[in-house]
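Descriptive structure summary
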Amino acid sequence: MDQITVAVIGLGYMGKRHLEIWHQLGARVVLCSRDDKSSREYAETYGYPLYTDYMELLEKEKPDAVSICLPTALHYEAVRKFLTHGIAVLCEKPFTTDSAEAEELCRLAEEKNVLLMVGHVVRFTRAYAYLKRCIEEKRFGALKMLEMHRHTTQPTWSAGNWLADVAHSGGAAKDLHIHESDILCHYLGIPQSVLCTGDYTACTTVYTYPDYPAVSASASWRSVPEYPFTAGYDAVFEHAVVQFADFTVTLHEEGKVSYPLLQEDFPQYLRSENALENEIVYFYHCLITGETPELCPPRESLAAMRINEAELRSLQSRCPVSLGE
């Protein structure tokens with residue numbers, strides 16, 4: 001494939017990061033965002049055309065692919081438009097505002113035979129890829145317990161501060177916690193039930209799996225402005241403990257402590273320490289080869305949404321919510 005044209009729709013924090021990575025990959029980039037100073041400055045810095053209407057962009061530029069980096073409530077309509085026109089779509093998470101919309105988009109991509117991937121960036125980190133191998137291969141015996149967490153300061157960087165409005169974003173319980181919903185779906189499948197406690201800015205979920213006795217995850221937005229981003233896990237196996245904390249994976253075995261990522265061999269798409277770069281490189285690979293995104297298929301993103309929706313219902317009812325058939 002010759003140089004591809006990629007449209008980046010939305011130039012908030014995530015849109016600018018997508019723009020920078022697509023630029024590094026040598027794509028021709030076209031932009032669509034509000035006509036504000038920040039967007040104009042980015043367009044001028046990179047020398048890329050800037051549109052304020054993505055339908056006009058679609059008509060005039062005919063991109064090969066698009067990065068959808070709009071507020072979540074705007075994802076459905078934008079993704080639907082580009083899929084309808086046969087344009088490959090990389091959509092930021094959360095996929096859409098509800099699973100019914102996501103189901104429709106999955107069906108549309110399948111009917112049109114168009115590449116669709118949701119940017120669940122945690123899948124593209126070595127620390128989490130390593131844990132998945134440990135679980136699937138039973139390297140240290142069966143998994144006995146898994147605790148995961150993700151915490152950060154209250155977000156203030158979104159356009160119009162839409163993330164801080166839980167009515168639009170779902171708060172940390174959706175926008176942040178869905179990372180763990182997705183990872184658990186990726187590792188362990190859909191749980192039988194979930195019990196979520198807390199509120200929309202700080203919550204903990206316990207997941208019921210028939211083969212895994214203790215699985216939980218927490219997420220929070222913290223009011224301290226300088227609070228650092230933290231994410232990690234504590235995985236207890238029959239014969240070892242694997243921990244991810246302070247950006248380091250540590251393996252605890254009887255009589256020794258080691259750092260397994262130093263010896264682990266990873267595929268090419270995990271070459272960078274920048275997980276978003278890995279994600280976009282993987283999407284680009286699927287685009288130019290015609291391969292399906294097996295590492296991050298849209299149907300699994302839909303399943304993660306259904307898990308997260310059950311968590312939100314549990315949060316409201318203070319009762320377990322079943323995900324059984």
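Please refer to the structure higher up on the page.
Residues numbered from 1 in each chain as written. Predicted model: local features only at pLDDT ≥ 70, side-chain atom pairs only at ≥ 80, totals over all residues. Heavy atoms only, no water.

Okay, helix α6 (residues 126–137) next. Under the 1.5 Å per step criterion, the end-to-end length of α6 is 16 Å for twelve residues, consistent within 8% with the ideal 16 Å. Residues of α6 that are buried include every one of Ala-127, Tyr-128, Ala-129, Tyr-130, Leu-131, Lys-132, Cys-134 and Ile-135, and no others. Buried-residue contacts for α6 involve β7 (143–153), α9 (178–188), β10 (212–222), β11 (230–237), β12 (241–245) and β13 (248–253). Lys-138 sits one or two residues past α6 and shows a positive phi near 50 degrees. (Helix = DSSP H or I, 4+ residues; strand = E, 2+ residues; numbered from the N terminus. Expected span 1.5 Å × (residues − 1). Buried < 20%, exposed > 50% of the residue type's maximum accessible area, 1.4 Å probe, protein only. Contact = heavy atoms within 4.5 Å.)

Below, the discussion takes up a nonpolar patch on the surface. Judged by side-chain polarity, Val-257, Tyr-259 and Leu-262 come together as a nonpolar surface patch covering roughly 340 Å² of accessible area. Mapped onto the secondary structure, Leu-262 falls in the loop between β14 (256–258) and α10 (275–289). On the basis of relative accessibility, which here comes to 70%, the residue Leu-262 falls in the exposed class. (Patch = residues over 30% accessible without salt bridge, like charges linked within 9 Å, V, L, I, M, F, W, Y side chains within 5 Å. Areas by Shrake-Rupley, 256 points an atom, 1.4 Å probe, with all protein chains shown as cover. Salt bridge = Lys/Arg side-chain N within 4 Å of Asp/Glu carboxyl O.)

This brings us to the packing of helix α1 (residues 13–24) against α10. Each pair of packed helices gets described by two things: the angle between the helix axes and the distance between those axes. Taken N-terminus to C-terminus, the directions of α1 and α10 make an angle of 60 degrees; their axes are 10 Å apart at the nearest point. In this view, α1 runs oblique relative to α10, as classed from their interaxial angle. When the axes of α1 and α10 are compared, the crossing they make is right-handed. Together, Met-14, Arg-17, His-18, Ile-21, Trp-22 and Gln-24 of α1 and Leu-276, Glu-277, Glu-279, Ile-280, Phe-283 and Tyr-284 of α10 make up the contact between the two elements. (Axes fitted to C-alpha atoms, helices over the stretch in contact; angles between N-to-C directions. Parallel < 35°, antiparallel > 145°, perpendicular 65-115°, else oblique. Left-handed = near helix turned anticlockwise from the far one by under 90°.)

This paragraph deals with the sheet that holds strand β15 (residues 321–322). Backbone-to-backbone hydrogen bonds pair the strands of a sheet. The strands run either parallel or antiparallel. Spatial ordering of the open sheet is given by β14-β13-β12-β11-β7-β10-β9-β8-β15, a layout of nine strands whose pairing is mixed. In the strand order of this sheet, the two ends are held by β14 and β15, each with one partner. Judged from the three bridges that link them, β13 and β14 form a sheet pairing that is antiparallel. Counted as the bridge partner of Leu-251 is Ser-258 from β14. Where α6 meets the sheet, its contacts fall on β7, β10, β11, β12 and β13, and the angle it forms with β11 comes to roughly 15 degrees. Taken strand by strand, α9 contacts β7, β9 (202–209) and β10, and its axis lies near 155 degrees from that of β7. (Pairing = 2+ DSSP bridges.)

Here the focus is the packing of aromatic side chains. One pass over the full model with this rule turns up twelve aromatic pairs. The interplanar angle of 85 degrees and the centroid separation of 6.2 Å between the aromatic rings of Trp-22 and Tyr-284 together place this pair among those described as edge-to-face. Here the residue Trp-22 occupies a position in helix α1, and Tyr-284 occupies one in helix α10, the gap between them amounting to 262 residues. Judged by its relative accessible area of 0%, Trp-22 is buried. Looking at Tyr-284, the relative accessible area reads 24%, which means it is partly exposed. With a centroid separation of 5.5 Å and an interplanar angle of 50 degrees, the aromatic rings of Phe-124 and Tyr-282 are classed as tilted. Of this pair, Phe-124 sits in the loop between β6 (116–119) and α6 while Tyr-282 is found in helix α10, placing the two residues 158 residues apart along the sequence. (Phe/Tyr/Trp six-rings, centres within 6.5 Å; stacked < 30°, edge-to-face > 60°.)

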